[in-house]
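Commentary on secondary and tertiary structure
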Amino acid sequence: MTEDDADRDVWWTMADIAEHLGLRVRSVRTYRTAGILPREDHMFGRTPVWRPATITGWQRPGQGAGGGRPRKDATVPPELRPQPPQ
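As the structure is a prediction and not an experimental result, all values here were calculated from the model.

Cut-off values and rules
Residues numbered from 1 in each chain as written. Predicted model: local features only at pLDDT ≥ 70, side-chain atom pairs only at ≥ 80, totals over all residues. Heavy atoms only, no water. Helix = DSSP H or I, 4+ residues; strand = E, 2+ residues; numbered from the N terminus. Buried < 20%, exposed > 50% of the residue type's maximum accessible area, 1.4 Å probe, protein only. Areas by Shrake-Rupley, 256 points an atom, 1.4 Å probe, with all protein chains shown as cover. Salt bridge = Lys/Arg side-chain N within 4 Å of Asp/Glu carboxyl O. Axes fitted to C-alpha atoms, helices over the stretch in contact; angles between N-to-C directions. Parallel < 35°, antiparallel > 145°, perpendicular 65-115°, else oblique. Contact = heavy atoms within 4.5 Å.

This next bit is on the overall build of the protein. Helix and strand counts for the protein stand at four helices and two strands. Secondary structure elements in the protein, listed N-terminal to C-terminal, are α-α-α-β-β-α. Considering the protein as a whole, with its 86 residues, one finds that 20% of them fall into the buried category. Of the roughly 7,000 Å² of accessible surface on the protein, 49% is carried by carbon and sulfur atoms.

So, in structure tokens, the structure goes:
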């Protein structure tokens, strides 16, 4: 085994990232093209690779705290909510 081959064991390819995130490789490729995925840590020929820590420390879009759109009436007290016409 060469030094180059040994180094490959500590790198993740797009397929490894897809498996880790539960995505398809195409989605990971789209993230990279759109600049959403962190910049690759190294290139082996034309293959971009990342250290596992780069990906595990990355906050994937749509996966943060929160939870989407609030309900329309969630912040308005009941007495101030508009009443339907009678």
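So, about the environment of Arg39. Residue position: Arg39 is located in the loop between α3 (25–33) and β1 (42–44). Arg39 sits in the exposed class, given a relative accessible area of 69%. The spacing of Arg39 and Val49 is ten residues in sequence and 9.2 Å in space, taken between C-alpha atoms.

Right, let's talk about the pattern of salt bridges for a bit. Enumeration over the complete set of coordinates arrives at one salt bridge. With a shortest N-O distance of 3.4 Å, Glu40 and Arg32 are connected by a salt bridge. Note on Arg32: relative accessible area 32%, which makes it partly exposed.

What follows is about the packing of helix α2 (residues 14–21) against α3. At a closest axis distance of 8 Å, the pairing of α2 and α3 adopts a crossing angle of 110 degrees. The angle between the axes of α2 and α3 places the two elements in the roughly perpendicular class. Every residue of α3 that contacts α2 at Met14, Ala15, Ile17 and Ala18 is listed here: Val25, Val28, Arg29 and Arg32.

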